[in-house]
Amino acid sequence: MMKQDWWKKKVAYQIYPKSFQDSNGDGIGDLPGIISRLDYLKELGIDIIWISPIYQSPMVDQGYDISDYQSIDPCFGDMEDMRHLVDEVKKRDMYLLMDLVVNHCSDQHPWFQEAIRDPFGKYGNYFYIEKKSDKIPNNWRSQFGGSVWEPLPGHKDLYYLHTFAKEQPDLNWENPDLREEIYRMVNWWLDFGIDGFRIDAIMNIKKNIAWDNYPADRPDGLVSVSKMLKETTGIGEFLGELKGRCFEPHNALTVGEVFDPTGERTEEFIGEEGYFSTMFFFDPIVPFLHDGLETRLQTFDVKIWRDIIFRKQKQGFFANVIENHDQPRGASLLIPEGDYSFYSVSALGSINLLLRGLPFLYQGQEIGMTNTVFSSLDDFDDTAVGDQYKEAIDFGYTPEEAFAFVSRYGRDNARTPVQWTDGEQAGFTTGIPWQKVNPNYKEINVEAQEKEYGSILNFYRRLIAFRKSEQYGDLFAYGDMNAKYESEDTIFAFERSYNDQRILFLCNYSADKKKLELEEQGNVIFVNYPQTTFEGNAICLKPYEVVVLDLS
Ligand code: TEU
Ligand code: CA
């Protein structure tokens, strides 16, 4: 029987703070803005809030480049606001996760500044600084493009390593002093009163420090650094120590950003003795993330998507997501173009919430926010977009095709302001928003959906309440999961069972009607259409219809 941790019955929500709610008209979302929306989240049924980084940062990578781990960036507020936020979250019986970004810091962090001053001193050893040689720089390409090696400012013959932007130098986890520094900081935040962390890019902390080259994978002669990360072993020592020194003593909830398409790491990472409470299940949204570009261009196929999900459901209790701040909107990625509607969006939401695992919503998902429109490359703010574009060109795309590619997959799609109203700047700010509001805010916004009984927002409220209900809450949290009707290509169906309770989730994930002979009958307990049609032993499913039957 599965261990019944407190968080397994909860529903989580990711806030991307710059785009959530501005409170002072500077066009940037902030902590007072978040506090003002806590009641909204509570009413939605959210228990756990993860906030993307709010630490002091030059914002080269929107806060994922931290220059002081123990202060709040002034654009978001200050420590007093943070204290207030933590108290207000607790007051509502909710939980708060911060983003733990410890693979790298900012080049503006005093540690790195000190390393520049004295590369061979204490702080030089906090980073990977290497002498120029026949091995250095090697041929690894950073996640955002170009070499992972950058000359150390003021030192012609020295290079430092960065697996992301050059303004994000990687921290040297091989150095015990650095690790101690990190543990101190992590414990400081846990003592401050937060409940845990989402852990950023954690697979990057263990490098092959022989700095071997790997075969090039693009015309630039470089190879994605993820190739090295995939083939390097030994990360467990660091993660076990981090857990033992910080997470375990605080009983923290931890969610790892772990890319593990093969599933080989599930048990080690999130089993009974795992390093983290859970980790994101990315396969459904980035199924082939590290396998080049062709596969990402395939048109959406419900069968492929469904089978990827089913394959891993049994292996562990993952954190289920359909989108986040690095990916396109789920409603644009996982619903075929032209099929966007209340029914398809509610079907997608039902799958996200009723599968086995800890569901995470991403801000705006609950109102069906979609990808935005870009008119030129200048519309993008994200530091990652340059290399995404270049990769598409390298792949043989015309500039138009490459632009279409980044428009579809660019991270800025998810980073437009939350659409609260149909008024000025969608109610996000009284000033000029740092990112343009998606032009569809007149149709898609919280205020309108609050008023409309049959809106996506009200569906999500009902869905979350169903997932956490007295009657079915244990079943959804702790129950087993078994795929059903798998030979039907567009039917997304599974059984959940717990003790003597059994339910069948049925979804016709398609724009065509579908008649399905049922192996078993049951009572209808949840729907996304007002009426359910049976014909003898068959159910007649309308486009994107969801029906949940109680079989017990
Ligand atoms: O992302 C880690 C990561 O590997 C991403 O680069 C991912 O591969 C890419 O975004 C897929 O489109 C984390 C954060 O989520 C991201 O926002 C940061 O930019 C990155 O770490 C660096 O901190
Ligand atoms: Ca602000």
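Remember, predicted model here, so these are calculated numbers, not experimental data.

Engineer: For this particular structure, what's the right way to read the overall build of the protein?
Structural biologist: When you go through the protein residue by residue, the secondary structure sums to 17 helices and 23 strands. If you line up the protein on its principal axes, its C-alpha atoms span 80 × 50 × 50 Å. By the burial criterion, 62% of the 552 residues in the protein qualify as buried. When contacts within the protein are restricted to residue pairs at least 6 apart in sequence, those whose partners lie at least 24 apart make up 70%. For the protein, the exposed area adds up to about 21300 Å²; of that, 48% sits on carbon and sulfur atoms. Taking the 56 positively charged and 89 negatively charged side chains of the protein as two groups, their mean positions are separated by 2 Å.

Engineer: Got a minute to help me understand the coordination of the calcium ion (ligand 2) in this structure?
Structural biologist: Protein coordination at the calcium ion (ligand 2): the donors are Asp22 (OD), Asn24 (OD1), Asp26 (OD), Ile28 (O) and Asp30 (OD), at 2.2 to 2.4 Å from the metal. Donor residues for the calcium ion (ligand 2) sit on one chain with the sequence pattern D-x1-N-x1-D-x1-I-x1-D. For Asp22, a relative accessible area of 7% translates into the label buried. Exposure remark for Asn24: the relative accessible area of 52% places this residue in the exposed category.

Engineer: I would appreciate a short explanation of the site of ligand 1 in the present structure.
Structural biologist: Around ligand 1, the structure places 15 residues, and the nearest of them are Asp61, His104, Asp200, His325 and Asp326. In the environment of ligand 1, an oxygen atom lies 2.9 Å from a nitrogen or oxygen atom belonging to the side chain of His104. Within the side chain of Arg411, one N or O atom sits 3.0 Å away from an oxygen atom of ligand 1. Partitioned by chemical class, the residues of the shell around ligand 1 number five nonpolar, three polar and seven charged.

Engineer: Sorry if this is basic, but what is going on with helix 16 (residues 456-467) here?
Structural biologist: Because an α-helix completes one turn every 3.6 residues, residues spaced three or four positions apart along the sequence face the same direction. The end-to-end C-alpha separation of helix 16 is 16 Å, in line with the 16 Å expected for 12 residues at 1.5 Å each. Extensive coverage of helix 16 is indicated by the burial of 10 of its 12 residues. What helix 16 keeps buried is the set Ile456, Leu457, Asn458, Phe459, Tyr460, Arg461, Leu463, Ile464, Phe466 and Arg467.

Engineer: So what exactly am I meant to see when it comes to the packing of aromatic side chains here?
Structural biologist: Two aromatic rings are characterised by how far apart their centres lie and by the angle between their planes. Applying the stated criterion across every chain, the model contains 52 aromatic pairs. Through a chain of ring-to-ring contacts, the aromatic side chains of Tyr55, Tyr69, Trp111, Tyr123, Tyr126, Trp188, Trp189 and Phe192 assemble into a single cluster. The ring of Phe192 is capped by Arg83, whose NZ or CZ atom sits 4.3 Å from the centre of that ring. Between Lys542 and the ring centre of Tyr529, over which it is positioned, the NZ or CZ distance is 5.2 Å.

Engineer: What is the right way to read the packing of helix 12 (residues 342-354) against helix 16 from this model?
Structural biologist: The description of two helices packed together rests on the angle between their axes and the distance between the axes. Orientation of helix 12 relative to helix 16, taken along the N-to-C sense of each, is 25 degrees, at an axis distance of 10 Å. By the criterion of interaxial angle, the relationship of helix 12 to helix 16 is roughly parallel. Between helix 12 and helix 16 lies a crossing whose hand is right-handed. Contact residues: helix 12 offers Phe342, Val345, Ser346, Gly349, Ser350, Leu353 and Leu354, while helix 16 offers Ile456, Phe459, Tyr460, Leu463, Ile464, Phe466 and Arg467.

Engineer: Explain the pattern of salt bridges to me, please; I cannot follow it from the model alone.
Structural biologist: Taken as a whole and assessed by the stated rule, the structure comprises 44 salt bridges. Its salt-bridge partner being Glu257, residue Arg198 comes within 3.2 Å of it at the nearest N-O pair. Note that Arg198 is positioned in strand 10 (residues 196-199) and Glu257 in the loop between strand 12 (253-256) and helix 8 (266-270), a separation of 59 residues in sequence. Neither residue differs from the other here; Arg198 and Glu257 are each classed as buried.

Engineer: Would you explain the sheet that holds strand 1 (residues 12-15) in this entry?
Structural biologist: The pairing of strands in a sheet happens through backbone hydrogen bonds and is either parallel or antiparallel. The parallel closed barrel is built from eight strands, whose spatial order is 1-2-5-10-12-13-14-15. Both strand 2 (residues 48-51) and strand 5 (residues 95-100) contribute to a ladder of three bridges, which runs parallel. Bridging from a neighbouring strand, Trp50 pairs with Leu97 of strand 5. Against the sheet, helix 5 (residues 176-192) touches strand 5 and strand 10, its axis set at about 135 degrees to strand 10.

Engineer: Explain the nonpolar core here, please?
Structural biologist: Generally speaking, a soluble globular protein has its nonpolar side chains buried in company with each other. If you look at the biggest cluster of nonpolar residues, it comprises 166 residues, and the most contacted ones within it are Met82, Trp173, Phe197 and Tyr509. Once you skip the residues sitting within four places of it in the chain, Tyr509 turns out to touch Phe300, Val302, Trp305, Leu334, Ile335, Ala347, Leu348, Ile351, Thr490 and Tyr544. Tyr485, Leu506, Leu541 and Leu549 belong to the second largest nonpolar core, which has 12 residues in total.

Engineer: Got a minute to help me understand the state of the cysteines in this structure?
Structural biologist: What we call a disulfide is simply a covalent bond connecting the sulfur atoms of a pair of cysteines. Per the stated rule, a full pass over the model turns up zero disulfides. Distance from the sulfur of Cys75, which forms no disulfide, to the nearest cysteine sulfur (Cys105) is 18 Å. The cysteine Cys507 is free of any disulfide, with Cys540 supplying the nearest cysteine sulfur at 16 Å. For Cys507, a relative accessible area of 0% puts it in the buried group.

Engineer: I'm lost on the sheet that holds strand 19 (residues 514-517) in this one. Help?
Structural biologist: On the basis of which strands lie adjacent, the open sheet formed by three strands has the order 19-22-21 and antiparallel pairing. Bordering the open sheet on either side are strand 19 and strand 21 (533-535), each of which pairs with just one other strand. Adjacent strand axes in the sheet meet at a mean angle of 30 degrees when their direction is disregarded. Relative to strand 22 (residues 538-541), strand 19 is paired through four bridges, and the arrangement is antiparallel. Across the sheet, residue Lys515 finds its bridge partner in strand 22, namely Cys540.

Engineer: Explain the environment of Tyr509 to me, please; I cannot follow it from the model alone.
Structural biologist: On the secondary structure map, Tyr509 appears in the loop between strand 18 (501-508) and strand 19. Under the relative-accessibility criterion, Tyr509 is labelled buried at 2%. Distance from Tyr509 to Asn537, taken between C-alpha atoms, is 20 Å for residues 28 residues apart in sequence.

Engineer: What should I look at first to understand the pairing of strand 18 in this one?
Structural biologist: Remark: a regular strand shows side chains that alternate across the two faces of the sheet. Summarising burial for strand 18: seven of the eight residues are buried, a large majority. By the bridge criterion, eight bridges tie strand 17 (residues 491-498) to strand 18 in an arrangement that is antiparallel. When the bridges of strand 18 are listed, Phe494 appears paired with Phe505. Joining the antiparallel neighbours strand 17 and strand 18 is a turn of two residues, in which Asn499 adopts a positive phi near 50 degrees.

Parameters and conventions
- Residues numbered from 1 in each chain as written.
- Chains lettered and ligands numbered in written order.
- Predicted model: local features only at pLDDT ≥ 70, side-chain atom pairs only at ≥ 80, totals over all residues.
- Heavy atoms only, no water.
- Helix = DSSP H or I, 4+ residues; strand = E, 2+ residues; numbered from the N terminus.
- Buried < 20%, exposed > 50% of the residue type's maximum accessible area, 1.4 Å probe, protein only.
- Contact = heavy atoms within 4.5 Å.
- Areas by Shrake-Rupley, 256 points an atom, 1.4 Å probe, with all protein chains shown as cover.
- Lys, Arg positive; Asp, Glu negative; His and termini not counted.
- Charge placed at Lys NZ, Arg CZ, Asp CG, Glu CD.
- Donors = N, O, S within 2.8 Å, 3.2 Å for Na, K, Ca; no water.
- Near = heavy atom within 4 Å.
- Polar contact = N/O pair within 3.5 Å; in protein donor to acceptor, adjacent residues only side chain to side chain.
- Nonpolar A, V, L, I, M, F, W, Y, C, P; charged D, E, K, R; others polar.
- Expected span 1.5 Å × (residues − 1).
- Phe/Tyr/Trp six-rings, centres within 6.5 Å; stacked < 30°, edge-to-face > 60°.
- Lys NZ or Arg CZ within 6 Å of the ring centre and 35° of its normal.
- Axes fitted to C-alpha atoms, helices over the stretch in contact; angles between N-to-C directions.
- Parallel < 35°, antiparallel > 145°, perpendicular 65-115°, else oblique.
- Left-handed = near helix turned anticlockwise from the far one by under 90°.
- Salt bridge = Lys/Arg side-chain N within 4 Å of Asp/Glu carboxyl O.
- Pairing = 2+ DSSP bridges.
- Core = buried A, V, L, I, M, F, W, Y, C linked by side-chain atoms within 4.5 Å.
- Disulfide = S-S within 2.5 Å.

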